[in-house]
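Residue-level structural notes
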Amino acid sequence: MRAGTTPRHLSFLETGRSRPGSELVTRLCRALELPSTWRSQFVLAAGLPGERAASGAQAMGPVQRLLEQMLRAHEPFPAWVSSRGFRFHSSNAAAERLFPGLCQTTPEQIIDSWFGAGPFRERIENWHDVVWAGLSSLRRDARGGEPELLALLERAERLAAELPVASLEAAVDVPALCTRFRIGRSVVSTLSTVMRFDTALGGTVSDLRVELMFPADAASERWFVRAARRVARGG
């Protein structure tokens, strides 16, 4: 159903009685949530010509400019560019103020600080919901069976085993994650959503995600605006 085909047709593909077209292969990749590193092999296994990859600089140049524009345009609210397995590549100034040095932190360090005791836990009012949502995301990333992601998942699940059972809010997939920060005497409520690129754009690009954090109420919006103004004034 997710791939938009029938059990009979899928059975014919599996036994070799039918050959899929490129559109169906794309839908199957999406339905199976295949990592980009597997998609080219999937296409070749279907008897279709492999993707013609442009050079790294040529393929990523326009995308990089788009990402930079998105990060700047989202100010004074935080935004990050990341990829599977808690790899953060770039951020805007608002994100850096909220989590300094995140893009220089390894995935292992992020998991340890996210699930363990420390500043992150103390700063997030609904910490349990946030970490369980992060674990759910990591489980989806690791479905392809890549050893690096499986090792990260094992590390996270080992730490999560000591946590209380997830609440209903965190246990289900939701389009936006609501994180509440305790900053000084303020509680800053946010909504986060993630933008992904279409798989047709190629492996490297389709693995990228843009996380956009928005204020969830007027008071939180004023907090982000004031924080940006203080920095602009050098305060």
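For the structure, check the block above.
This section reports on the structure supplied with the text.

1. Thoughts on the side chain of Glu146
Residue placement: Glu146 occurs in the loop between helix H8 (127–141) and helix H9 (147–160). Glu146 sits in the buried class, given a relative accessible area of 17%. Among the polar contacts made by the side chain of Glu146, one reaches the side chain of Arg84 at a distance of 2.8 Å.

2. What to know about a positive patch on the surface
A cluster of like positive charges, contributed by Arg222, Arg226, Arg229, Arg230 and Arg233, occupies part of the molecular surface. Its location among the elements puts Arg222 in helix H12 (residues 218–232).

3. Details of helix H6 (residues 107–115)
Taken as a whole, H6 has its buried residues at Pro107, Ile110, Ile111, Trp114 and Phe115. Seen from one end, H6 has its buried residues packed into an arc of 105 degrees, which puts them on one side. For H6, the elements touching its buried residues are strand S2 (87–91), helix H7 (119–123), H8 and H9.

4. Brief notes about unusual backbone geometry
Most peptide bonds take the trans form, and the phi angle of most residues other than glycine is negative. Between Glu75 and the following residue, Pro76, the backbone shows a cis peptide bond with an omega angle of 10 degrees. Inspection of the secondary structure puts Pro76 in the loop between helix H4 (56–73) and strand S1 (79–83). Its identity as a non-glycine residue notwithstanding, Phe86 has a phi of 55 degrees, on the positive side. Summarising the element assignment, Phe86 is placed in the loop between S1 and S2. By relative accessible area, which is 11% here, Phe86 ends up buried.

Procedures and definitions
- Residues numbered from 1 in each chain as written.
- Predicted model: local features only at pLDDT ≥ 70, side-chain atom pairs only at ≥ 80, totals over all residues.
- Heavy atoms only, no water.
- Helix = DSSP H or I, 4+ residues; strand = E, 2+ residues; numbered from the N terminus.
- Buried < 20%, exposed > 50% of the residue type's maximum accessible area, 1.4 Å probe, protein only.
- Polar contact = N/O pair within 3.5 Å; in protein donor to acceptor, adjacent residues only side chain to side chain.
- Patch = residues over 30% accessible without salt bridge, like charges linked within 9 Å, V, L, I, M, F, W, Y side chains within 5 Å.
- Areas by Shrake-Rupley, 256 points an atom, 1.4 Å probe, with all protein chains shown as cover.
- Salt bridge = Lys/Arg side-chain N within 4 Å of Asp/Glu carboxyl O.
- Lys, Arg positive; Asp, Glu negative; His and termini not counted.
- Charge placed at Lys NZ, Arg CZ, Asp CG, Glu CD.
- Arc of directions from axis to C-beta.
- Contact = heavy atoms within 4.5 Å.

Worth remembering: the numbers are spatial, not functional.
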